[in-house]
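Examining the three-dimensional arrangement
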Amino acid sequence: MRIGILGSGLMGGKLGTLFARSGHDVVFSYARSADKLKSLAKRAGHNARAGTPAEAAEDADALLVAVHWLRMDDVLKQAGELSGKVIVTCSLPMDAGNTGLVIGHTSSGAEELAKKVPKAKVVCAFNTVPSEVFFGVYEAKRKASRPSLVYCGDDAPSKGVAAELIRDVGFEAIDAGPLRIARYTEPFALLMGQLAYEGADGPELAYRFERYPG
Ligand SMILES: NC(=O)c1ccc[n+]([C@@H]2O[C@H](COP(=O)([O-])OP(=O)(O)OC[C@H]3O[C@@H](n4cnc5c(N)ncnc54)[C@H](OP(=O)(O)O)[C@@H]3O)[C@@H](O)[C@H]2O)c1
């Protein structure tokens, strides 16, 4: 596939490199320096190149959006017309200081993005709660009990590796079952972020009820 990376920082840089090394054509775009994009592309191998957001979007089968929420409008503007494109977003709707969610409880980053580019096909992925969100929570709980982290999947050996990594970074790994469980956990990613931020004052629970057409 031709994959355009809009935002080539930690997420875009890493995922774009993985995509390029697994055989996809990748265009890295949107960083503060063109040299950074070039060296990223060089390290990612011969399938990768550096470009502008418009070049990344042109002819792309899929786009990965991995910018801070505050940069979203700018990167979309630079990318140009995105009607019909598949846009995979990992951008979380955080405020400038990364201390709070700018939306939440009633919407998600992917839904807000879908409103900005209504004719694109927006997919929400890799939207794990960033680990740094949990540092404070973990510090507070280090001596008592370990905070839990739920994972799910269908491949037993992969799950073994995931559980080990989760334990390595200090969480209790809880196997939630097969991959199909993921569809129930996604809406809770934002909630978990909010809980982590507000943990000091006790958890706040929000429920979201929606009615889907049909
Ligand atoms: N990191 C995680 O673990 C993680 C996990 C899940 C979701 N997310 C979400 O994914 C999104 C991206 O996260 P990230 O950690 O990859 O962020 P990041 O490392 O800060 O990457 C953002 C990219 O945007 C570029 N950028 C920022 N301001 C710019 C400007 N004025 N002009 C041009 N380019 C600019 C940065 O350029 P430079 O490369 O020059 O800095 C960087 O390439 C965020 O919404 C985050 O919440 C992150």
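Cut-offs and rules
- Residues numbered from 1 in each chain as written.
- Predicted model: local features only at pLDDT ≥ 70, side-chain atom pairs only at ≥ 80, totals over all residues.
- Heavy atoms only, no water.
- Pairing = 2+ DSSP bridges.
- Helix = DSSP H or I, 4+ residues; strand = E, 2+ residues; numbered from the N terminus.
- Axes fitted to C-alpha atoms, helices over the stretch in contact; angles between N-to-C directions.
- Contact = heavy atoms within 4.5 Å.
- Patch = residues over 30% accessible without salt bridge, like charges linked within 9 Å, V, L, I, M, F, W, Y side chains within 5 Å.
- Areas by Shrake-Rupley, 256 points an atom, 1.4 Å probe, with all protein chains shown as cover.
- Salt bridge = Lys/Arg side-chain N within 4 Å of Asp/Glu carboxyl O.
- Lys, Arg positive; Asp, Glu negative; His and termini not counted.
- Charge placed at Lys NZ, Arg CZ, Asp CG, Glu CD.
- Core = buried A, V, L, I, M, F, W, Y, C linked by side-chain atoms within 4.5 Å.
- Buried < 20%, exposed > 50% of the residue type's maximum accessible area, 1.4 Å probe, protein only.
- pLDDT = per-residue confidence, 0-100.
- Expected span 1.5 Å × (residues − 1).
- Arc of directions from axis to C-beta.
- Right-handed = clockwise from strand over helix to strand, strands pointing away.

Digging into the sheet that holds strand β3 (residues 48–50)
The 6 strands are arranged β3-β2-β1-β4-β5-β6 in an open sheet whose pairing can be described as parallel. On the outer flanks of this sheet lie β3 and β6 (121–124), each paired with one strand and no other. When the angles between neighbouring strand axes are averaged without regard to direction, this sheet yields 20 degrees. Relative to strand β2 (residues 25–29), strand β1 (residues 2–6) is paired through 5 bridges, and the arrangement is parallel. Residue pairing in the sheet places I5 in a bridge with F28 of β2. Across the face of the sheet, helix α5 (residues 109–116) comes into contact with β5 (86–89) and β6 while running at roughly 165 degrees to β6.

A short note on a positive patch on the surface
Taken together, the side chains of K14, R21, R32, K36 and R43 make up a positively charged region of the molecular surface. Contributing elements (two or more residues each) for the positive patch: α1 (10–21) and α2 (34–44). Along the polypeptide, K36 turns up in helix α2.

Let's talk about the nonpolar core
Ranked by internal contacts, the top residues of the largest apolar core, which has 19 residues, are M72, L82 and I87. When contributions to this core are tallied by element, the ones reaching two or more residues are α3 (53–57), β4 (62–65) and α4 (72–79). It is α4 that provides the largest number of residues to this core, a total of 4 residues. Beyond its immediate sequence surroundings of up to four residues, I87 is in contact with L63, V65, L82, L113, V117, A120, K121, V122 and V123. Judged by nonpolar contacts, the second largest core, of 15 residues, contains I3, A20, F28 and A48.

Here we look at the confidence of the model for the chain
Residue-level pLDDT values for the chain average 81, and 73% of them are 70 or greater. For the stretch residues 202–212, pLDDT sits under 50, and the model shows 12 contacts to residues farther than four places along the chain or on other chains.

Concerning helix α7 (residues 156–168)
Spanning 13 residues, α7 covers 18 Å between terminal C-alpha atoms, matching the ideal 18 Å at 1.5 Å per step. The set of residues buried in α7 consists of K159, A163 and I166. Taken down its axis, α7 places every buried residue within 65 degrees of arc, on the same side. Structural note: α7 exposes P157, L165 and D168 on the side pointing more than 90 degrees away from its buried face.

Examining the pairing of β2
The buried fraction of β2 amounts to 4 of the 5 residues, a majority that puts the element mostly inside the structure. Pairing geometry for β2 and β3, over 3 bridges, is parallel. Following the sheet pairing, F28 is matched in β3 by A50. In this fold, β2 hands off to α2, which returns the chain to β3; that crossover is right-handed.

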